[in-house]
Amino acid sequence: MELLTSGLAVVFQPTMFILIIFAVFLGTLFGALPGVSATMAVTLGIPFTYKMDAVSAIAFLVAIYCASITGGGMTAILFKIPGVPSSAPTTYDGYPMAQRGEAGKALGMQLVCSAIGGMFAAVCMLVLSPQLTQAALSFGPSELFAISFMGLSILTSLETDNICRTIISGLLGLLLACIGLDPLLGVPRLTFGTRFLTSGIEMIPVMIGFFAVTEVLKQTAKPSKLQAVGGSGNMSAKLPTLKEFLSVKWIVVRCSILGTVIGILPGAGATIASFLCYSAEQKMSKHPEKFGTGCFDGIAAPETGNNAATGGAMVPLLSLGIPGGNAAAIMMSALVLKGVTMGPLLLVDQPQFLSATFASMFVSNIIMVFAAIVIAKVFVQILKIPYSILGPTIIMMATIGAYATKNTAVDVILMAVSGLIGFLFAKCKFNSSAMILGLVLGVICESNLRRAVTIAEGDTLFAAFANLAMRPVTGIVLIVCVVVLVWPVVKPMIAKKKENK
Amino acid sequence: MKVKMGTGMRKLKQTALLLVLAAAASGCGREAEGTEPASGDEYPREAVEMIAPAGRGGGYDLTMRTVAQCLTSSGQVPVPLPVTNKPGDGGSVALEYLAENKGSDTVLSVFSPPICLINLNGTTSYSYKENTTPVAKLLVDYGCFAVRSDSPYEDLGEVMEALKEDPSSLTIGGTSSIWSMDHLQFLVMARAAGVEGLDQIPYSGFENGGAVSQLMGGRIDVLSAGISDVVGLMESGDLRVLAVTSGERLDNETMRSVPTCMESGIDEVFFNWRGIFGPEDMPDYALNYWEETLENMARTECWEEYCSQYGWTMDYMGHEEFEQFLDETNEEYRLLLEEVMGGEDSQGE
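Reading guide: rules and limits
Note on numbering: residues in each chain are counted from 1, in written sequence order. Whichever chain is written first becomes A and whichever ligand is written first becomes 1, with later ones labelled in order. Reporting in this predicted model follows two pLDDT cut-offs: at least 70 for local features of residues, and 80 or more for side-chain atom pairs to be given and counted; totals over whole chains, interfaces and linings ignore these cut-offs and use all residues. For side-chain calculations, the full set of non-hydrogen atoms in the structure is used, while hydrogens and water are omitted. Put simply, DSSP H or I for four residues or longer makes a helix, DSSP E for two residues or longer makes a strand, and each gets a number counted from the N terminus. Exposure classes here rest on a 1.4 Å probe applied to the protein chains alone. A residue is buried below 20% of its type maximum, exposed above 50%, and partly exposed in between. Should any heavy atoms of two residues lie within 4.5 Å, those residues are counted as being in contact. The method behind every accessible area is Shrake-Rupley, applied with a 1.4 Å probe, and residues are considered shielded solely by the protein chains displayed. By definition here, a salt bridge exists when the distance from a side-chain nitrogen of Lys or Arg to a carboxyl oxygen of Asp or Glu is within 4 Å. Residue count minus one, scaled by 1.5 Å, sets the expected span of a helix. Buried area adds together the accessible area that both of two parts lose upon being put together, with accessible area traced by a 1.4 Å probe. Each polar contact in these results corresponds to two N or O atoms within 3.5 Å; when the atoms are within protein, one needs to be able to donate a hydrogen and the other to accept it, and residues that are neighboring in sequence are counted only if both atoms are side-chain atoms. Only a pair of cysteine sulfur atoms within 2.5 Å counts as a disulfide in this structure description. Each axis is a line fitted through C-alpha atoms, and for a helix only the stretch in contact is used; angles between axes span 0 to 180 degrees, taken between their N-to-C directions. Should an angle fall under 35 degrees it is called roughly parallel, over 145 degrees roughly antiparallel, and 65 to 115 degrees roughly perpendicular, with every other angle called oblique. Crossings are assigned a handedness: left-handed for a near helix turned anticlockwise from the far helix by less than a right angle, right-handed for a clockwise turn. What counts as a ring pair is set by centres within 6.5 Å for rings of Phe, Tyr and Trp (its six-membered ring), and what kind of pair is set by the plane angle: stacked under 30 degrees, edge-to-face over 60, tilted for all other angles. Note on geometry: a ring has a charge over it if NZ (lysine) or CZ (arginine) is within 6 Å of the ring centre and within 35 degrees of the ring normal. The patches reported here contain residues having more than 30% relative accessible area and no salt bridge. Joining distances are 9 Å for like charges and 5 Å for nonpolar side chains (Val, Leu, Ile, Met, Phe, Trp, Tyr). For the domains described, the bounds stem from an automatic or database domain assignment. Gly is put with the polar residues, along with every residue not named as nonpolar or charged; the nonpolar set is Ala, Val, Leu, Ile, Met, Phe, Trp, Tyr, Cys and Pro, and the charged set is Asp, Glu, Lys and Arg. Here the nonpolar core consists of buried residues drawn from Ala, Val, Leu, Ile, Met, Phe, Trp, Tyr and Cys, with membership extended through side-chain atoms lying within 4.5 Å. In summary, the charge assignment counts Lys and Arg as positive and Asp and Glu as negative, without counting His or the chain termini. The atom standing in for a charge is NZ when the residue is Lys, CZ when it is Arg, CG when it is Asp and CD when it is Glu.

**With respect to the overall build of chain B**
Now for step 1: What chain B contains, in helices and strands, is 12 helices and 10 strands.
Now for step 2: A total of 349 residues make up chain B; the buried ones form 56% of that total.
Now for step 3: When contacts within chain B are restricted to residue pairs at least 6 apart in sequence, those whose partners lie at least 24 apart make up 77%.
Now for step 4: Carbon and sulfur atoms provide 46% of the accessible area of chain B, an area that totals close to 14,600 Å².

**Points about the pattern of salt bridges**
When charged atoms on two side chains of opposite charge get close, those side chains can pair.
Now for step 1: Tallied over the full model, the rule gives 22 salt bridges over all chains.
Now for step 2: A salt bridge links Glu280(B) to Lys102(B), with the nearest nitrogen and oxygen atoms 4.0 Å apart. One end of the pair, Glu280(B), is in the loop between strand 9 (271-279) and helix 10 (284-297); the other, Lys102(B), is in the loop between helix 3 (92-100) and strand 3 (107-111), and 178 residues separate them in sequence.
Now for step 3: Shared partners join several salt bridges into a network, and the residues in it are Lys80(A), Glu215(A) and Lys218(A).

**So, helix 7 (residues 181-193) of chain B**
All names here are of chain B.
Now for step 1: With 13 residues, helix 7 extends 18 Å from end C-alpha to end C-alpha; this agrees with the ideal 18 Å at 1.5 Å per step.
Now for step 2: For helix 7, a buried count of 11 out of 13 residues is recorded, marking the element as mostly surrounded by other parts of the structure.
Now for step 3: Taken together, the buried positions of helix 7 are occupied by Met-181, Asp-182, His-183, Leu-184, Gln-185, Phe-186, Leu-187, Val-188, Met-189, Ala-190 and Ala-193.
Now for step 4: Looking one or two residues past helix 7, Gly-194 carries a phi angle of roughly 90 degrees, positive in sign.

**Let's talk about the interface of chain B and chain A**
Now for step 1: In this assembly, 50 residues from chain B lie in contact with 47 residues from chain A.
Now for step 2: Carbon and sulfur atoms supply 64% of the area that chain B and chain A bury against each other, a total of about 4,200 Å² over both sides.
Now for step 3: The tally of links between chain B and chain A comes to 0 salt bridges.
Now for step 4: At the boundary of chain B and chain A, one finds 4 residue pairs in polar contact (both at pLDDT 80 or more).

**Quick notes on the state of the cysteines**
Now for step 1: According to the stated counting rule, one finds 1 disulfide over all chains in the structure shown.
Now for step 2: Paired by a disulfide, Cys70(B) and Cys302(B) hold their sulfur atoms 2.4 Å apart. Between Cys70(B) and Cys302(B), the S-S dihedral sits near -90 degrees, and the bridge is therefore left-handed. Linking Cys70(B) in helix 2 (residues 59-73) with Cys302(B) in helix 11 (residues 301-310), this pair joins segments that are 232 residues apart in sequence.
Now for step 3: Assessed through its relative accessible area of 23%, Cys302(B) is described here as partly exposed.
Now for step 4: Left without a disulfide partner, Cys178(A) is nearest to the cysteine sulfur of Cys445(A), which lies 11 Å away.
Now for step 5: Free cysteine Cys295(A): the closest other cysteine sulfur is in Cys113(A), separated by 12 Å.

**Notes on the environment of Leu98(B)**
Residues and elements named next belong to chain B.
Now for step 1: The residue Leu-98 is located in helix 3 in this model.
Now for step 2: Accessibility expressed as a relative area gives 0% for Leu-98, which makes it buried.
Now for step 3: Along the chain, Leu-98 and Gly-278 lie 180 residues apart, while their C-alpha atoms are 7.3 Å from each other.
Now for step 4: Every residue in contact with Leu-98, bar those within four places of it in the chain, is listed here: Val-107, Ser-109, Phe-111, Asn-131, Thr-132, Phe-277, Gly-278 and Pro-279.

**With respect to unusual backbone geometry**
Now for step 1: At Lys80(A), a position not held by glycine, the phi torsion is positive, near 60 degrees.
Now for step 2: As for its position among the elements, Lys80(A) is in the loop between helix 4 (54-79) and helix 5 (88-99).
Now for step 3: Positive phi values are uncommon outside glycine, yet Trp179(B) reaches one of about 60 degrees.
Now for step 4: Taking the relative accessible area as the measure of exposure, Trp179(B) reaches 4% and is therefore buried.

**What to know about the packing of helix 14 (residues 296-320) of chain A against helix 15 (residues 326-337) of chain A**
All names here are of chain A.
Now for step 1: Running from N to C, helix 14 and helix 15 cross one another at 40 degrees; their axes reach a closest spacing of 9 Å. With respect to helix 15, the axis of helix 14 lies oblique. When you trace helix 14 past helix 15, the crossing you get is right-handed. On the side of helix 14, the interface is formed by Ala-313, Met-314 and Leu-317, while helix 15 contributes Ala-328, Met-331 and Met-332.

**Some remarks on the environment of Phe60(A)**
Residue and element names in this part refer to chain A.
Now for step 1: Here Phe-60 lies in helix 4.
Now for step 2: Among the residues examined, Phe-60 registers a relative accessible area of 0% and is labelled buried.
Now for step 3: Between the alpha carbons of Phe-60 and Thr-357 there is a distance of 8.8 Å; along the sequence they are 297 residues apart.

**Observations concerning the packing of aromatic side chains**
The geometry of an aromatic ring pair comes down to the distance between the two centres and the angle between the two planes.
Now for step 1: Under the criterion given, the structure shown has 23 aromatic pairs over all chains.
Now for step 2: Their ring planes at 45 degrees and their centres at 5.5 Å tell us that Phe425(A) and Phe430(A) sit as a pair that is tilted.
Now for step 3: On the basis of relative accessible area, Phe430(A) is assigned to the partly exposed category, the value being 27%.
Now for step 4: Feature note: the residues Tyr60(B), Phe111(B), Trp273(B), Phe277(B), Phe322(B) and Phe325(B) constitute an aromatic cluster, connected by ring pairs.
Now for step 5: Its end group placed over the ring of Phe430(A), Arg165(A) keeps NZ or CZ at 5.6 Å from the ring centre.
Now for step 6: It is Lys137(B) that lies over the ring of Phe325(B); its NZ or CZ is 3.9 Å from the centre.

**Here we look at a nonpolar patch on the surface**
Residues and elements named next belong to chain A.
Now for step 1: A surface patch of nonpolar side chains, amounting to about 440 Å² of accessible area, comprises Phe-120, Trp-250, Val-253, Ile-257 and Val-261.
Now for step 2: At 4 residues, the largest contribution of residues to the nonpolar patch is made by helix 12 (residues 249-264).
Now for step 3: Within the secondary structure layout, Val-253 lies in helix 12.
Now for step 4: Taking relative accessible area as the criterion, Val-253 reaches 38% and is therefore assigned partly exposed.

**Some points on the domain arrangement of chain B**
Residue and element names in this part refer to chain B.
Now for step 1: Split by domain assignment, chain B resolves into domain 1 (44-141 + 272-336) and domain 2 (142-270).
Now for step 2: With centres defined by C-alpha atoms, the gap from domain 1 to domain 2 works out at 27 Å.
Now for step 3: Taken together, the 11 residues of domain 1 in the interface contact 11 residues of domain 2.
Now for step 4: In this structure, the connection of domain 1 to domain 2 is made through 0 salt bridges.
Now for step 5: Counting across the domain 1 and domain 2 interface gives 1 residue pair in polar contact (both at pLDDT 80 or more).
Now for step 6: Considering only residue class, the side of domain 1 that touches domain 2 consists of 6 nonpolar, 4 polar and 1 charged.

**Some words on the nonpolar core**
Now for step 1: Of all hydrophobic cores here, the largest spans 151 residues; its most connected members are Met331(A) and Phe353(A).
Now for step 2: Sort the elements by how many residues they give to this core and helix 4 of chain A lands first, with 18 residues.
Now for step 3: Ignoring anything within four residues of it in the chain, the contact list for Met331(A) reads Val42(A), Ile58(A), Leu61(A), Val62(A), Tyr65(A), Met314(A) and Leu317(A).
Now for step 4: Counting 117 residues, the second-largest nonpolar core is a separate cluster that includes Val77(B), Val83(B), Tyr126(B) and Val188(B).

**A look at a positive patch on the surface**
All names here are of chain A.
Now for step 1: A surface patch of positive charge is lined by Arg-165, Lys-222, Lys-427 and Lys-429.
Now for step 2: Counting through the fold element by element, Lys-429 comes out in the loop between helix 19 (410-427) and helix 20 (432-455).
Now for step 3: Residue classification places Lys-429 among the exposed residues on the basis of a relative accessible area of 54%.

**Some thoughts on the side chain of Ser224(B)**
Residue and element names in this part refer to chain B.
Now for step 1: Mapped onto the fold, Ser-224 is located in strand 7 (residues 222-226).
Now for step 2: Taking the relative accessible area as the measure of exposure, Ser-224 reaches 0% and is therefore buried.
Now for step 3: From its side chain, Ser-224 meets the backbone oxygen of Asp-182 in a polar contact 2.7 Å long.
Now for step 4: In this structure Ser-224 touches Cys-144, Phe-145, Ile-172, Gly-173, Gly-174, Thr-175, Asp-182, Gln-185 and Phe-186, once residues within four positions along its chain are discounted.

Put into structure tokens, the structure is as follows:
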């Protein structure tokens, strides 16, 4: 209890409180910029911490981190541009809602779910840190593979009436994920001898291309839809009514837990959390067909999940000094530069790190809702700008975003090509969401599966695989995956047979 | 309406400001082009881009930022020295960038053994010899080998004994990919200890972090990594560091208690040297300028303080000496890789 008050004391110092409000605004805006991922938002926040002490610095950076994940969801809903990779699934349902003129409602739902997910994870972090740490350590490559494969298994149910093309799109994504250096051996694969491809297909430029650029092309080719976006309807963020919120309460609970757990896993993070939450909720939903058409459930799931992952990511960082994800690694570097030795002794000697992080997370998630409402008001105004101006502006932002990921022009070309391919995909009724899913999860799936096989001993490859499936978590998750994968394909066949009878 | 316009405008300004911020922080708009080498007298006239071939927070990043910090705060270099991170593929992205900027006098990068290794193991076709101009070696860092504190192994010799009996009995993990730094660091020691079948020792690389948690979770048996990766967990007693790769014990509070490999009966050292490289065909005036500047910097108190803070051993070496050192080292690595990887090839046939 003393701890908690000491943490709150740090956060509620007048200067620190103003700084946190500032951090939340900064984070939300950074998150909303395409290409500025949460990791980058935290990096951009580091210069502000040079004059702070270590505890304030982590409180400040955590606030930016949480807010940026939320900020990304706002542009995902309004412009179909996921500002951060983890808000890509939010576009599936958020953008259709915005097109129907319900942008305000979608934003409100997104904010409330984000805040609850974030706060839930913060509480978990404070109370369950030691247990969660143990859980994190017991997850190895094989478990990570199983979990990311589960995210992939949603492929067959993304668009059930067009299953063949969806699977092809997903497999194309997996193929793209193979391009570049072999993750374990470092040998170039499928690069056709050009050095542009050796670094592989970067996720962020492809995502920006497929979502933002494609959308601009579509709007240009068929400007009629635009009216729906810019048209009537209350456009400012509207907090959901109690009834609307109660309809997603179980989703929020489940995704908070799932998101936190995925957040603590090394190498997973918010992106996997949001994809997985979306797919898990679609599976469990009583009306899976509504997903993707613009329903609250489809916004609540990924947004709760990715914000819950932020709290999870802080657990191994603070309790072991092992960063759970890229953003956490950046925070760690900021602390190391301040002369803090990261490790299990950190929280023993200086428990205020944990309490300050918790307090900052909790408070910034609340401030975030209000900050985001203000920012959303401005964003929604942007929608009123004629598309002849807005479209090119989006392209400009997308270009900057693609360049900023790695400071290379190759990524800009990649973004442009992805945009065109995305447009063709839409014309030919291929599913670009499935492709992105394959690309994002493919890399993680592959490297973890192969590491797992290296680690699991077995005389033959088959024996190694069998050993893998014997691990309890891996085995169970994989069985669920198979069921999830096959069921949507088999179900219509069974239905047909019955009809024939 | 007016009010709305106001917020709109402010927002636009904010966005513009943010964009500038983002651009500045990410280092765009400072394209290092091969500008006309007007005359060496006035060099440097514009900002020199400092490349860290990895993301924020790693050894590369820390080295480059420290160098830039020391040079600008002491006023030794009058132009800005922006540090740009170019992560990817163990440094090959940065190496490629140097190759693109052939002949430029406004770009420098830091590299360590992987600059040789990524070429030798086939990750990239660029090499230090053809695509860079080595300017100076700055410092040496060391690696170490760690196990969980409940592990039966008390020193590195016991680990090697176990591997001598069965090379595949233990899984080694590290923070770099296979056939790169951490892997070789271990293999060098194993070879010196007389382990046979080096290619059969399972190695798992966790380039994106997580190697330490794999060790703690029991999925790898021995971790081969940098000292900064393990120091926190060693202090808390979760990990036991078996040996450091240096010739003598490190002069640092926590690491002093850790024996060297030599003390464990393995007569070998492994250096993680770091040096500054310019692009291929770097103009002579630029090379001379930087060699001199870095030599001066290596003597400053600022540099000394940072080195002791981060546990680096100062080890300055000028252009010619460094080039020679690289040739020798590269040959050493080549032979080693041939020996350990060659086995794998013949096995496959």
